[in-house]
Amino acid sequence: MSAAKQVSSRLSASIASATAAAASEVLATNAPKSVLSIPTMVRYGPIPISELSREEEKGRGPPGAAILQLGATRRIFVLQPTLTQKEMDGLAYRIQMLMKNTSLNSILLANHLETDGNKLEILPISAVELDQDLDDKALFGDEFDIASQSLNGESKEWLVGCGYDARQVLGMDKRSREKLLSSMMKLSRAVKGSTASNLEPEKDQFVSKIPFISVPHGLLSDGGYALAMGSYVLATSESRFRIMNPLRGLSLDPIGLSYMLPRLGWEFQQPSANYPVGSVLALTGFDADASDMVETGLATHFMDSIGKLGSLERALASIAPYEQQRLIKEPAKRYGDNVQNRFKTDINARYRNVAIAGLMHSVSAYDAMGQELLTPSDEIAALAEEDPSLVLEADRAQFLGDRSSTLLNVAVTFKHVFEVETSLEGIMERMREYAGAEARNEEETEFVNLAKDILNGMEAQSPLALSATYKLMQIGKNGNESLDSCMKRERSVLLKLFDKDDFKNWAKSGAKEGEFRAWTHKCVKDVTKDEVEELFR
């Protein structure tokens, strides 16, 4: 028997007892049973995945996510790109409870970064655990090389999250589909958090105190973006975002995308706020990279090296919890008197979470506000050979080069198409004209080729699903809409599209997104107004 297997077998009994104790504790607090689908551990060590699965889930593989205690923070490992209904529900509940816990300072979520992610048998190791005085490598030898599980794996395409497994929806009944989408809505709300001003007393019973930090090293598509709706989103060189549902015969997942996409750039007052970047994402299947995400506000910061994730974990583990982040001493209580602060005002509120915000800046190269977050020494080194009196502020070096966004460039180029045309058919007809134009120089050739790419992306999608997505976006941009109202509408439309032939035929075909073209309608023009209206009734 190998050393790793021997240790695994020795740990089995303790893991089983710990899991059983955790289950008893959860049920004693009247928490939903779904929380048991998301294992929570004080320390992983070399723990086999199989030891954390409940009996009814044996053989499914790794759970969708797992939570690790790291000092005053909680690290959520995303282990699977898709989550089951129970996992979404359980993760949402756990996040809600953690975000109101003032004995913590933050929640950090990132996907696992093993070199071989195809077969995950042992739970990932955090950077903090790598610092423990344990001779793990000597114990496990070459079979379990902790260093190789870190952040410098071979080049591969990373997939962070895409919500649920769309093909599994085909075999679900109506009630199961409703529960699946409702759990997705819960998860997106939990990650986004609640404040005292937007609480609904009959539904929400918590106020978020601590920030939620996401580091998506790879692709987030459709409902998977629910994991990046928190306080901070640190994009990396591999981060991407894409809407893929119309390629499956489906519209937007119910996380409020029809509300967020028309308002991209607003939060940070970015140039992208003036252009139809959201429409390009929703209607064309555009694959947004890290630069696109930061320049539109889909991400708040850009972290230039995923290797900094370890530093981020260590720093978060050492920062004081929310309740201890204070500079002003609380009013003294004399002789049992408690009238000094009778309004229960948090006099230290302005100082809480400040350290976390500073840490986000320290691990990032730049943020969505347009700031390049560099140390003074960087600037001194760059200007060492310049006469400071001759260097104007506007002429200072751009240390990271000119920041650019292909998504923003596309939206600027075709703004008149997406904003002037009043129908989806009109947009596609205009793009068809540009794609068929004769180019006379290099610049026009680039323009025509770009139009062809956009048109091909739109024509590859289900005409009915694309029409539904277009209408969701048109309604969602209205000033009287809210994130919640858009979520509910997205859910209603999606449930009806689950029953349409486009989705059923795609799911049965086994074809990848973009390869299936046997849609019910040949083109958007063939989709009638009544067919679209029926989805919104």
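Rules and cut-offs
Residues numbered from 1 in each chain as written. Predicted model: local features only at pLDDT ≥ 70, side-chain atom pairs only at ≥ 80, totals over all residues. Heavy atoms only, no water. Axes fitted to C-alpha atoms, helices over the stretch in contact; angles between N-to-C directions. Helix = DSSP H or I, 4+ residues; strand = E, 2+ residues; numbered from the N terminus. Parallel < 35°, antiparallel > 145°, perpendicular 65-115°, else oblique. Left-handed = near helix turned anticlockwise from the far one by under 90°. Contact = heavy atoms within 4.5 Å. Nonpolar A, V, L, I, M, F, W, Y, C, P; charged D, E, K, R; others polar. Salt bridge = Lys/Arg side-chain N within 4 Å of Asp/Glu carboxyl O. 1 Å grid on protein atoms, 1.4 Å probe; cavity = no way out; pocket = protein on both sides within 12 Å on 5 of 7 lines; lining within 4 Å. Points joined across faces, edges and corners; volume = space filled by probe spheres on them. Buried < 20%, exposed > 50% of the residue type's maximum accessible area, 1.4 Å probe, protein only. Pairing = 2+ DSSP bridges. Right-handed = clockwise from strand over helix to strand, strands pointing away. Core = buried A, V, L, I, M, F, W, Y, C linked by side-chain atoms within 4.5 Å. Polar contact = N/O pair within 3.5 Å; in protein donor to acceptor, adjacent residues only side chain to side chain.

Focus on the packing of helix H17 (residues 463–476) against helix H20 (residues 529–536)
It is the contact of H17 with H20, at a shortest axis distance of 10 Å, that shows an interaxial angle of 60°. In this view, H17 runs oblique relative to H20, as classed from their interaxial angle. The chirality of how H17 crosses H20 is right-handed. Between H17, through Leu464, Ser467, Ala468, Lys471, Leu472 and Ile475, and H20, the contact on the second element is made entirely by Glu531, Val532, Glu533, Leu535 and Phe536. A breakdown of the residues in the contact of H17 with H20 according to their chemical character gives 7 nonpolar, 1 polar and 3 charged.

Thoughts on the pattern of salt bridges
When their charged atoms lie close together, side chains carrying opposite charge are able to pair. Scanning all chains against the criterion turns up 17 salt bridges. A salt bridge links Asp499 to Arg177; its shortest N-O distance comes to 2.9 Å. Here Asp499 is found in the loop between helix H18 (483–497) and helix H19 (501–509), whereas its partner Arg177 is found in helix H6 (residues 174–192), with 322 residues between them in sequence. Note that Glu421 and Arg430 form a salt bridge whose closest N and O atoms lie 2.8 Å from each other. A cluster of three or more residues bridged by salt bridges with shared partners is formed by Arg189, Asp484 and Lys488.

So, empty space enclosed by the protein
Empty pockets left among the atoms are what a rolling probe the size of a water molecule brings to light. Using the criterion set out here, one finds 2 cavities of 30 Å³ or more in the structure. Within this model, the largest cavity holds a volume of roughly 100 Å³. Taken together, 17 residues form the lining of the largest cavity, with Leu83, Gly163, Leu187, Gly224 and Leu227 sitting closest to its centre. Elements supplying a minimum of two residues to the lining of the largest cavity: helix H2 (85–99), strand S5 (159–161) and H6. Class assignment for the residues of the lining of the largest cavity results in 12 nonpolar, 5 polar and no charged.

Details of the pairing of strand S4 (residues 106–111)
Along S4, 6 of the 6 residues are buried, which leaves the element largely enclosed by surrounding structure. Residues Ser106, Leu108 and Ala110 point to one face of S4 and Ile107, Leu109 and Asn111 to the other, with burial holding for every one of them. As judged from the 6 bridges shared by strand S3 (residues 73–78) and S4, these two strands associate in the parallel manner. Within the sheet, the bridge partner assigned to Phe77 lies in S4 and is Ala110. The parallel pair S3 and S4, bridged by H2, forms a crossover whose chirality is right-handed. Where S4 lies against strand S6 (residues 212–215), 4 bridges are found, and the strand directions are parallel. Following the sheet pairing, Leu108 is matched in S6 by Ile213.

A few points about the sheet that holds strand S11 (residues 366–367)
The 8 strands lie next to each other as S1-S2-S3-S4-S6-S8-S10-S11, forming an open sheet whose pairing is mixed. In the strand order of this sheet, the two ends are held by strand S1 (40–41) and S11, each with one partner. Judged from the 2 bridges that link them, S6 and strand S8 (residues 232–235) form a sheet pairing that is parallel. Within the sheet, the bridge partner assigned to Ser214 lies in S8 and is Val233. Running at roughly 160° to S4, helix H10 (residues 308–318) makes contact with strand S2 (65–70), S3, S4, S6 and S8 of the sheet.

Notes on the nonpolar core
Core analysis: the largest hydrophobic core is formed by 104 residues, its most contacted members being Leu91, Ile95, Tyr164 and Phe241. Beyond its immediate chain neighbours, meaning those up to four positions away, Phe241 contacts Leu219, Leu220, Asp222, Tyr225, Leu257, Leu261, Leu281, Phe286, Asp287, Ala288, Met293 and Leu298.

A few points about the side chain of Ser221
Counting through the fold element by element, Ser221 comes out in strand S7 (residues 219–221). Relative accessible area serves as the criterion here: at 1%, Ser221 is assigned to the buried category. The residues contacting Ser221, other than those within four sequence positions of it, are Gly161, Cys162, Gly163, Arg242 and Met244.

Overview of the sheet that holds strand S9 (residues 240–242)
An order of S5-S7-S9 is seen for the 3 strands of this open sheet, with the pairing classed as parallel. Pairing within the sheet leaves two strands with one partner each, and these edge strands are S5 and S9. Between one strand axis and the next, the sheet turns through 30° on average, direction left out of account. Relative to S9, S7 runs parallel, the two being bridged by 3 bridges. Residue pairing across strands places Ser221 opposite Arg242, the latter belonging to S9.

Let's talk about the side chain of Asn105
One can find Asn105 in the loop between H2 and S4. Separated by 2.8 Å, the side chain of Asn105 and the backbone oxygen of Leu316 make a polar contact. For Asn105, the side chain forms a polar contact with the main-chain oxygen of Ile319, separated by 2.8 Å. Excluding residues that lie within four positions of it along the chain, Asn105 makes contacts with Ala72, Thr73, Ile210, Pro211, Leu316, Ile319, Ala320, Pro321, Tyr322, Gln325, Asn353 and Ile356.

Here's the deal with the environment of Lys100
By the element assignment, Lys100 lies in the loop between H2 and S4. Classification of Lys100 by relative accessible area gives partly exposed; the value is 38%. Considering only alpha carbons, one finds Lys100 and Ile210, 110 residues apart in sequence, at a separation of 6.9 Å.

Honestly, it's all geometry; don't read function into it.
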